[in-house]
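Now for the letters of each chain:
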There are 2 protein chains.
Amino acid sequence: MPDKIRIALDAMGGDHGPAIVLPAAELSLTRHPDIEFILFGDRAVVEPLLDAHPKLKAKAQLVHTTVAIRMDDKPSQALRYGRWKSSMWLALDAVKKHDADVAVSAGNTGALMAMARFNLKMMEGVERPAIAALWPTIKGESIVLDVGASIGADAAHLINLAAMGSAMARVLFDIEKPTVGLLNIGVEEVKGLEEVREAGTLLREGAFLDFEYVGFVEGDDIGKGTTDVIVTEGFAGNIALKTAEGTARQIGHYLRGAISRTWQARLGYLLAREAFQALRDKMDPRKSNGGVFLGLNGIVIKSHGGADAEGFASAIDMGYDMVRYDLLAKISQSLARDRQAITTAHAAAGAAL
Amino acid sequence: MPDKIRIALDAMGGDHGPAIVLPAAELSLTRHPDIEFILFGDRAVVEPLLDAHPKLKAKAQLVHTTVAIRMDDKPSQALRYGRWKSSMWLALDAVKKHDADVAVSAGNTGALMAMARFNLKMMEGVERPAIAALWPTIKGESIVLDVGASIGADAAHLINLAAMGSAMARVLFDIEKPTVGLLNIGVEEVKGLEEVREAGTLLREGAFLDFEYVGFVEGDDIGKGTTDVIVTEGFAGNIALKTAEGTARQIGHYLRGAISRTWQARLGYLLAREAFQALRDKMDPRKSNGGVFLGLNGIVIKSHGGADAEGFASAIDMGYDMVRYDLLAKISQSLARDRQAITTAHAAAGAAL
């Protein structure tokens, strides 16, 4: 187990840049004193903030760059002007050069993914990256992937997602053999689900050592915690994630409306305040902020662009856990241990095309 | 405006069949005394229940059949043994023969859709059916389609969905020119979104008279009520719908846990009971039960298979509204009024392929 966890931060990423990133880093440091940070960003902005956070300053090194990726740039634009020199690129490059164990950025997702692919390259046996999200459920937490890295997925990619997602589940939940469900809709015989059905057949028939395939699950199974890992392609996965976040906010809005409606309700709220606080904690999307990029030769965590310090700190914590419990090695092991089953499944998928 | 609204009910559909369908019909009748029902089902089971609901009996006609579609049959199986004679088919056939204005069933979605297509046929200018859901939002309600009738959609189909969804919005929300958003994910330049982007361009450039295209929306915009209509293909739409339902149930579960945790919380709950009741009403998925099949020559409403009487009554009410406010004619008008714009868009979509 490493002595220190070295975290590279894109200090300029996100809607608020260093004003959020630095307080978040300090917050995370109080929870994990064994972190060392490398901050990439504009000295003129970052240094004064660093001076204001002496605890962080003691554990952080600043690498100066004036180039920052804008939130609304297309990946190709970002690559054009930001490669080699932007704070985002340099954070990823620190992982590539083994100066850091993980990179965390709240910057533009498309740009971060494009740079990560370009710089870190895909792991052996994986062709397309994925973003995995930690999803709070009634039973605890599940991992949902892909939530937006790649649109569409053939059966072979869905099988890789199952293997990578279960490696992450082993890291985070400490389960020997996580359960995996394949996200589907309940209608039979509808054209267009061939890849999903094919992946289902291959997963059911394959002799996978590192996860237990449970079968198809539907959208409402995610929150129930029906399986530890839910596999889907990135378009539907992203829409599921955003829709769940939106629904939680919507109900929070109703709840606030309800408890301020009458004096009885307000009094009731005061009495039940602690309970409501616990509820708010459970519903707090900041607590599960941080998408993990999977399939790359390096660990990269993407925070929500609009995250506040608490939210960005969750993303840093997520990166910390991934390094501490050796995500990359576990994914490689999974892919290796199950290579036989995966190769067989891939071959069958190819044959069925 | 018609004198009577004639509703054909598949009395055998759903997980509970007539035991739910009949009480639901009576419930809906108390709200809409101008309904007349035709019930299709097994006399041996339905007649005793009808005797137990005299108010309903006075407004209902029973058509006997012993054939009922099972909930887990594939559409092709259901068509094979259930065409011409099952309660589901006969309810649809009543619409086809103008004996009823709308058919409502809680039966197997795939079978209902297959039979509806086979019997009622598609409207002119529409190639594939859609299921529209009424989605509660912070601002009121929106219409989301397609939530599971067709997987995948080319740009032309997405444009049809926009036109049909806005006709439904005009019927239900009484708005002249509903706003339409196209569901998308926030990542630029990802392969596989071509149809969605193309539809976006065509919708932006087209001169549509009956709706206002607002642009791309993401999953969390649905609950915000950003637009009156949200357009997406059926796989992502179904997953969004189920995920939102699951999230609402999950938060309901947390809430119940929170308010029973301490005596203060329980007392607070008692005081705020009315507020909680209002909240529960808002979160009650039964209140917005009922998917509307769009694109067919006839109105068909699909209730959740597991709906209780209150839920199934909502589906009947939905059917009632669709007839009362003349959904079919409004869809035809929309498609006709915007035919020029749609044809131009379709041609452009074809040219771009």
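Above this text you will find the structure in question.
Read on for an overview of the structure. These figures come from a predicted structure and were not determined experimentally. (Residues numbered from 1 in each chain as written. Chains lettered and ligands numbered in written order. Predicted model: local features only at pLDDT ≥ 70, side-chain atom pairs only at ≥ 80, totals over all residues. Heavy atoms only, no water.)

**Concerning a negative patch on the surface**
Residues Glu127(A), Asp154(A), Glu194(A) and Glu195(A) make up a contiguous surface patch of negative charge. Along the chain, Glu127(A) turns up in the loop between α6 (109–120) and β5 (130–136). (Patch = residues over 30% accessible without salt bridge, like charges linked within 9 Å, V, L, I, M, F, W, Y side chains within 5 Å. Areas by Shrake-Rupley, 256 points an atom, 1.4 Å probe, with all protein chains shown as cover. Salt bridge = Lys/Arg side-chain N within 4 Å of Asp/Glu carboxyl O. Lys, Arg positive; Asp, Glu negative; His and termini not counted. Charge placed at Lys NZ, Arg CZ, Asp CG, Glu CD. Helix = DSSP H or I, 4+ residues; strand = E, 2+ residues; numbered from the N terminus.)

**Some words on helix α7 (residues 155–173) of chain A**
All names here are of chain A. For α7, which comprises 19 residues, the first-to-last C-alpha distance of 26 Å matches the rise-based estimate of 27 Å (1.5 Å per residue) to within 8%. The element α7 is extensively covered by neighbouring structure, given that 18 of its 19 residues are classed as buried. Taken from the residues just after α7, Asp 174 is the one with a positive phi, measuring 60°. (Expected span 1.5 Å × (residues − 1). Buried < 20%, exposed > 50% of the residue type's maximum accessible area, 1.4 Å probe, protein only.)

**Comments concerning the pairing of strand β5 (residues 130–136) of chain B**
Residues and elements named next belong to chain B. With 6 of 7 residues buried, β5 is to be regarded as a mostly interior element. Alignment of β5 against strand β10 (residues 291–294), held across 3 bridges, turns out to be antiparallel. Within β10, the residue paired with Ile 131 across the bridge is Phe 293. Relative to strand β6 (residues 141–145), β5 runs antiparallel, the two being bridged by 5 bridges. Bridge pairing in β6 places Trp 135 opposite Ser 142. Hairpin connection, β5 to β6: the antiparallel pair is bridged by 4 residues, and Gly 140 has positive phi, about 155°. (Pairing = 2+ DSSP bridges.)

**Some details on the sheet that holds strand β3 (residues 60–64) of chain A**
All names here are of chain A. Taking strand neighbours across the sheet as the criterion, the 11 strands line up as β3-β2-β1-β4-β11-β10-β5-β6-β9-β7-β8 in an open arrangement whose pairing is mixed. A single partner strand is all that each edge strand has here, and the edge strands are β3 and β8 (212–217). On average, adjacent strands in this sheet sit at an angle of 25° to one another, irrespective of strand direction. For strand β7 (residues 179–183) and strand β9 (residues 229–231), the ladder comprises 3 bridges, and the chain directions are parallel. Bridge pairing in β9 places Gly 181 opposite Ile 230. (Axes fitted to C-alpha atoms, helices over the stretch in contact; angles between N-to-C directions.)

**Some thoughts on unusual backbone geometry**
With an omega of 5°, the peptide bond between Leu145(A) and Asp146(A) qualifies as cis. The phi torsion at Asp174(B) lies on the positive side, around 55°, for a residue other than glycine. In this structure, Asp326(B) is a non-glycine residue whose phi angle is positive, near 65°. Tracing the backbone shows Asp326(B) in the loop between α13 (309–324) and α14 (327–337).

**Structural notes on the packing of helix α1 (residues 18–31) of chain A against helix α2 (residues 43–52) of chain A**
Residue and element names in this part refer to chain A. Two elements in contact, α1 and α2, have axes whose closest approach is 10 Å; the angle formed by their N-to-C orientations is 35°. The chirality of how α1 crosses α2 is right-handed. Judged by residue contacts, Pro 18, Ala 19 and Leu 22 of α1 engage Val 45, Val 46, Leu 49 and Leu 50 from α2. Here the residues of the contact of α1 with α2 are counted per class, giving 7 nonpolar, no polar and no charged. (Left-handed = near helix turned anticlockwise from the far one by under 90°. Contact = heavy atoms within 4.5 Å. Nonpolar A, V, L, I, M, F, W, Y, C, P; charged D, E, K, R; others polar.)

**A word on a nonpolar patch on the surface**
Residues and elements named next belong to chain A. A cluster of nonpolar side chains, Trp 263, Leu 267 and Leu 270, forms an exposed patch at the surface whose accessible area comes to about 320 Å². Along the chain, the position of Leu 267 falls in helix α11 (residues 263–271). Of the residues examined, Leu 267 reaches a relative accessible area of 35% and is grouped as partly exposed.

**A look at the sheet that holds strand β9 (residues 229–231) of chain B**
All names here are of chain B. One open sheet holds the 11 strands; their spatial order is β3-β2-β1-β4-β11-β10-β5-β6-β9-β7-β8, and the pairing between them is mixed. Lying at the two open borders of the sheet, with one neighbouring strand each, are β3 (60–64) and β8 (212–217). Sheet twist, expressed as the average angle between the axes of neighbouring strands with direction ignored, equals 25°. Note: strand β7 (residues 179–183) against β8, 5 bridges, orientation parallel.

**Describing the relation of the copies chain B and chain A**
At an RMSD of 0.0 Å, chain B and chain A line up after a rotation of 180° and a shift of 0.0 Å along the axis. In the structure described here, the two chain copies are related by an operation that fits a two-fold rotation axis. Relative to the rotation axis, the C-alpha of Gly268(B) is the closest in chain B, positioned 1.7 Å from it. Most of the interface of chain B is mirrored in chain A, where 100% of its interface residues are also at the interface. (Least-squares fit on C-alpha atoms with pLDDT ≥ 70 in both.)

**Details of the interface of chain B and chain A**
Residue-level contacts link 60 residues of chain B with 62 residues of chain A. Surface buried jointly by chain B and chain A totals about 5,200 Å² across both partners, of which 72% is contributed by carbon and sulfur atoms. On the surface where chain B and chain A come into contact, there are 4 salt bridges. Between Asp220(B) and Arg249(A) there is a salt bridge; the shortest N-O distance is 3.2 Å. Between chain B and chain A we count 10 residue pairs in polar contact (both at pLDDT 80 or more) in total. (Buried area = accessible area lost by both parts, 1.4 Å probe. Polar contact = N/O pair within 3.5 Å; in protein donor to acceptor, adjacent residues only side chain to side chain.)

**As for the packing of aromatic side chains**
Under the definition given, this model contains 8 aromatic pairs over all chains. The interplanar angle of 25° and the centroid separation of 4.8 Å between the aromatic rings of Phe208(B) and Phe211(B) together place this pair among those described as stacked. A residue is classified by how much of its surface remains accessible, and Phe211(B), at 2% relative accessible area, is buried. Grouped by ring-pair contacts, the aromatic residues Trp84(A), Trp89(A) and Phe118(A) constitute a single cluster. A cation over an aromatic ring shows up here: Lys121(A) above the ring of Phe118(A), its NZ or CZ 5.7 Å from the ring centre. (Phe/Tyr/Trp six-rings, centres within 6.5 Å; stacked < 30°, edge-to-face > 60°. Lys NZ or Arg CZ within 6 Å of the ring centre and 35° of its normal.)

**A look at the side chain of Asp73(A)**
All names here are of chain A. Tracing the backbone through its elements, the reader meets Asp 73 in the loop between β3 and α4 (75–82). Reaching out from Asp 73, the side chain makes a polar contact with the side chain of Tyr 81 at a distance of 2.3 Å. Non-local contacts of Asp 73, meaning those with residues more than four positions away in its chain, are made with Tyr 81 and Asn 108.

**Let's talk about the pattern of salt bridges**
Applying the stated rule across the entire model yields 24 salt bridges over all chains. Among the ionic pairs, Arg6(B) bridges to Asp101(B), the shortest N-O distance being 2.9 Å. On the criterion of sequence distance, the pair formed by Arg6(B) in strand β1 (residues 5–10) and Asp101(B) in the loop between α5 (87–96) and β4 (102–105) is long-range, its members being 95 residues apart. Arg6(B) sits in the partly exposed class, given a relative accessible area of 27%. Classification of Asp101(B) as partly exposed rests on a relative accessible area of 21%. Connected through shared salt-bridge partners, Arg31(A), Glu310(A) and Asp317(A) make up one network.

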